[in-house]
Every structure is written in structure tokens, then in C-alpha cells.
Amino acid sequence: MFKISLINIFFLTTCIMPGISVFIYLCIPVYTVKVFGVPITEQSTRDAAQLWVRTTANGDILVSLLSGIALYKESDWNFRQIVIRVCSISNFVHFACFLFHHYLVAPHHIGLVLVYYSALLITLITGLGWGLNWNEILKKKYKNSDQIQLTVEANP
């Protein structure tokens, strides 16, 4: 099993939520697109909707699977950090598209728009907070300027 911690809750959430989305996408793809305000009256629109939803489901499957593995690989921080980066980039693009569409194209209730803004903010915080090597970024390394130049000056 795994310990309860903030990062493990992140991995658990990013494992379960996309998994639910994938189930809905794959079982009822046409009606998933209908929720986004796309009319599904023509056969070509239905075919495009099924293709789009199943393509989107692949990204959610990857995020869900990687997060599930990272949840149980607590000792491998490098792997977990790569998963955080992948999930953060995927989630950022995913929620930015949701926000764009639901705010500008087919406006939804302001409550849902706030959920998408919140999801983007959480994605940025986790991606920047856990996804980057802050020890390396903030570490100041003072080295001699140019080793080749020093050796040339040492030789008369």
C-alpha cells in the first residue's frame, strides 16, 4: 500500500479522474461530444466525434496509468518527477482547451469555468513545484570561468 501524503493524493487523483473520463469517453463517445455543445445530427459529425473522443482517451489512459505506477513506486523519485512533468503538461493542455471552449466558444456555467481555472492553477503549482529540480536550479555553483583559458595562461 502507500502512505497518505500530498503527493500521493495527487497521484491517486490523477490516476482515478482520467480513468473515469476514459470509461465515459469509450462507452458513450458521441454524447460526450454533445456535452461540449457540438450538434451530432450528421453521420460525419458523429464519426469525427468518436475519433476525437477516442484520441483524447489515449492521453487520459497514459496519465492514469503513469500516475498509478508512480503511486506505488515511492522510492524512485526520478520516475515520479518525470510522471509529474508528463501529467502536468497533459493536464495543462487538457484544461486549457476545456477553458477556451467552455468560456469562449460554448459558454458553460461560471461555476464550471472556475473549476477549469482552478484545475489550471493546481496543474501549474504541481508541475512547477514537484516537477522541477529546485535543488539544482537554486544551487549556486561557482566555478572558475574557463578551464581551457586557465591552462593556456599557466603555460608560458
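Nothing here was measured: the structure is a model prediction, and the numbers come from that model. (Residues numbered from 1 in each chain as written. Predicted model: local features only at pLDDT ≥ 70, side-chain atom pairs only at ≥ 80, totals over all residues. Heavy atoms only, no water.)

S.K.: Break down the packing of aromatic side chains for me, with residues and values.
M.R.: Applying the stated criterion across every chain yields a total of 2 aromatic pairs. Here the aromatic residues Phe10, Phe11 and Trp130 are joined through ring pairs into a cluster of three or more. (Phe/Tyr/Trp six-rings, centres within 6.5 Å; stacked < 30°, edge-to-face > 60°.)

S.K.: With reference to specific residues and values, describe the environment of Thr123.
M.R.: By secondary structure assignment, the location of Thr123 is in helix H5 (residues 110-130). Here Thr123 falls in the buried class, since its relative accessible area comes to 7%. What Thr123 contacts, discounting residues up to four positions off in sequence, is Ser88, Asn91, Phe92 and Phe95. (Helix = DSSP H or I, 4+ residues; strand = E, 2+ residues; numbered from the N terminus. Buried < 20%, exposed > 50% of the residue type's maximum accessible area, 1.4 Å probe, protein only. Contact = heavy atoms within 4.5 Å.)

S.K.: Can you tell me about the nonpolar core, naming the residues and giving the values?
M.R.: Generally speaking, nonpolar side chains in soluble globular proteins are found buried as a group. Core analysis: the biggest nonpolar cluster contains 11 residues, these being Phe2, Ile7, Phe10, Phe11, Val63, Leu66, Ala70, Leu71, Val83, Ile84 and Cys87. Within the residue set of this core, elements represented by two or more residues are helix H1 (6-27), helix H3 (43-72) and helix H4 (77-105). For this core, the leading source of residues is H3, giving 4 residues. Ignoring sequence-local partners within four residues, the contact set of Ile7 consists of Trp77, Arg80, Ile84 and Trp130. Listed in part, the 9 residues of the second largest apolar core include Val22, Val53, Val113 and Leu120. (Core = buried A, V, L, I, M, F, W, Y, C linked by side-chain atoms within 4.5 Å.)

S.K.: Residues and numbers for the packing of H1 against H4, please.
M.R.: At a minimum axis distance of 12 Å, the contact between H1 and H4 shows a crossing angle of 50°. Here H1 lies oblique to H4, going by the angle between them. H1 and H4 meet at a crossing whose hand is left-handed. Touching Ile7, Asn8, Phe10, Phe11, Thr14 and Tyr25 of H1 are Trp77, Arg80, Val83, Ile84, Asn91, His94 and Phe98, all from H4. Broken down by class, the residue content of the contact of H1 with H4 amounts to 8 nonpolar, 4 polar and 1 charged. (Axes fitted to C-alpha atoms, helices over the stretch in contact; angles between N-to-C directions. Parallel < 35°, antiparallel > 145°, perpendicular 65-115°, else oblique. Left-handed = near helix turned anticlockwise from the far one by under 90°. Nonpolar A, V, L, I, M, F, W, Y, C, P; charged D, E, K, R; others polar.)

S.K.: Can you tell me about the side chain of Thr14, naming the residues and giving the values?
M.R.: For Thr14, the location among the structural elements is in helix H1. From its side chain, Thr14 meets the backbone oxygen of Phe11 in a polar contact 3.3 Å long. Within polar-contact distance, the side chain of Thr14 engages the side chain of Ser67 at 2.8 Å. Sequence-distant contacts of Thr14, defined by excluding residues within four places in its chain, comprise Val63, Ser64, Ser67 and Asn91. (Polar contact = N/O pair within 3.5 Å; in protein donor to acceptor, adjacent residues only side chain to side chain.)

S.K.: Explain the environment of Leu65 to me, and be specific about the residues and the numbers.
M.R.: You can see Leu65 is positioned in helix H3. Separated by 47 residues in sequence, Leu65 and Pro18 have C-alpha atoms that sit 9.3 Å apart.

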